[in-house]
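One-letter residues, chain by chain:
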Amino acid sequence: METANIAIIGAGVVGLAVAAKISEENEGVYVFEKNMRFGQETSSHNSGVIHSGIHYPTGSLKAELCVKGNHMTYEICEKYGIAYKRLGKLTVAIGEEEVEELEQLMRMGEGNGVEGLKFIEKNEVKKLEPNIEVEKALHSPSTGIVEPDELTNHFYEKARKNNANLTVETEVSDLRKAPDGYEINGISVGERFTITAKTVINCAGLWSDRIAAAIGLDVDKFGYRLHYCKGDYFRLVGKPLATMLVYPVPKGGGLGIHLTPDLAGVIRLGPNAYYVDKISYEVESSEKEYREDVTRYAPSIHDRQIQVDTAGVRPKLQGPKDGFKDFVIRHEADRELFGFINLIGIESPGLTAAPAIAEFVSDIYENEVKR
Ligand SMILES: Cc1cc2nc3c(=O)[nH]c(=O)nc-3n(C[C@H](O)[C@H](O)[C@H](O)COP(=O)(O)OP(=O)(O)OC[C@H]3O[C@@H](n4cnc5c(N)ncnc54)[C@H](O)[C@@H]3O)c2cc1C
């Protein structure tokens, strides 16, 4: 039977970033991906925003790894020629009653170490973004956009150059404890396979709770059950409505229907947030809902044409009635699973945080697992 030193389940941006980092110092790294190509799920169905870190409670992993990942992502883009733009973002208070929420965001952002935040008054906003009509805005200069596929590809290439074994069309179906680690079973290009690994890192995104269950963890008891929360996008036809990213103050499970220019300057509208039972990337929302929401802060959307774009599905630990839930990144040694590291609930800002998550996981491996 083949033996891996470290087996990573899932080749999205997170699994590949972890593979790229951990293979710098370690041999025998294997990555298993069920699809024909890597990065085809959440990692290629997102907004491509390099978030600043203003949205997450201070002290949370989301805040810490987003702020760190923001700096790291820009450095990677610069160094390796990955397409990005540091556009800056306006989070807008549409009426007076939202100004306090904006102030809370400012405090949270500063508490998280986000640099350069400042308020911009109504008239100034109008000068910067003539199509945006709001009471006040919070400007975060460190927000930007990146081409997610290029970033994912960067980590893939790095892992490959470090001699990691990257396999596609290879689905892990069950796992069990073995004398010196774990036995991993599945189907690879139509054939059953078995491999043992001393260490397993679960980076299976929307399926990560199933992988945790497969090794015998009670996902309900440990709060690992995922809820699928979908977000649809539309695309604005013609001249852009804004040059910066423009977000309303967050409400509910998502960040509100916002405007995100892509690298070509075309504006994407969305995503919204609604819970679903099945994973699909078809847009289910109505154009009307989007127009109404965006009209609140960009009234000129009224006579503009918008088109259906795509959708993404968030792997959320937070159910419809729950409050904030943090990323789970955990070595399960105290649950009799030495060498099993779970990454569960890696929703936004997982793209931004990916290089910082990789360092975090690598530190767990080097300090707690490596023998
Ligand atoms: C609508 C939306 C917008 C977002 N916008 C942003 C944003 O602007 N900025 C930001 O920072 N973040 C954003 N995110 C979050 C970000 O996209 C994710 O956090 C990130 O892509 C997660 O990457 P991942 O590698 O964990 O998951 P995935 O990309 O889903 O990768 C997991 C991989 O595991 C594979 N897999 C699963 N089960 C198995 C198995 N049994 N065997 C083998 N392989 C398996 C899957 O096929 C998949 O390729 C957004 C997310 C959504 C849904």
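Shown above is the structure to which this text applies.
Structural notes, computed from the coordinates.

Scoring rules and cut-offs
- Every chain is numbered independently, its residues counted from 1 as its sequence is written.
- In keeping with the predicted nature of the model, local features appear solely for residues at pLDDT of at least 70, side-chain atom pairs appear and are counted solely at 80 or more, and the whole-chain, interface and lining totals rest on all residues.
- Calculated side-chain values reflect all of the structure's heavy atoms, with hydrogen atoms and water omitted.
- Burial here depends on accessible area, computed with a 1.4 Å probe over protein chains only, as a share of the maximum for the residue type. Under 20% is buried, over 50% is exposed, and the range in between is partly exposed.
- For the purposes of this entry, the term helix denotes a DSSP run of H or I that reaches at least four residues, the term strand denotes a run of E that reaches at least two, and both are numbered from the N terminus.
- Whether two strands pair comes down to DSSP finding at least two bridges between them.
- With strands facing away from the observer, any crossover in which the path from the first strand over the helix to the second runs clockwise is taken as right-handed.
- To get an axis, a line is fitted to the C-alpha atoms, and for a helix only the part in contact is used. The angle between two axes follows their N-to-C directions and goes from 0 to 180 degrees.
- Each crossing is labelled by how the near helix is turned from the far one, with a counterclockwise turn of less than a right angle marking it left-handed and a clockwise turn marking it right-handed.
- Pairs of residues are marked as contacts when any of their non-hydrogen atoms sit within 4.5 Å.
- Note on residue categories: nonpolar means Ala, Val, Leu, Ile, Met, Phe, Trp, Tyr, Cys or Pro, charged means Asp, Glu, Lys or Arg, and polar means any other residue, Gly included.

Attention now goes to the pairing of strand 1 (residues 2–9). Within strand 1, six of the eight residues are buried, leaving the element largely enclosed by the surrounding structure. One ladder, built from seven bridges, connects strand 1 with strand 12 (residues 191–202); its direction is parallel. Paired with Ala4 across the strands is Ala197, a residue of strand 12. In the sheet, strand 1 pairs with strand 2 (residues 29–32) via four bridges, with the strands oriented parallel. The residue of strand 2 that forms the bridge with Ile6 is Val29. As for the winding sense of the linkage, the β-α-β connection from strand 1 through helix 1 (residues 13–22) to strand 2 is right-handed.

Further remarks concern helix 1. With nine of ten residues buried, helix 1 is to be regarded as a mostly interior element. For helix 1, the full list of buried residues reads Val13, Val14, Gly15, Leu16, Ala17, Val18, Ala19, Ala20 and Ile22.

Attention now goes to the packing of helix 1 against helix 5 (residues 148–161). When two helices pack together, you describe them by how their axes are tilted relative to each other and by the distance separating the axes. Axis separation between helix 1 and helix 5 bottoms out at 8 Å; the angle between their running directions is 35 degrees. Relative to helix 5, helix 1 is oriented so that their crossing is left-handed. Judged by residue contacts, Val13, Leu16, Ala17, Ala19 and Ala20 of helix 1 engage Thr152, Phe155, Tyr156, Lys158 and Ala159 from helix 5. Here the residues of the contact of helix 1 with helix 5 are counted per class, giving eight nonpolar, one polar and one charged.

None of the figures reported here should be taken as evidence of function without further support.
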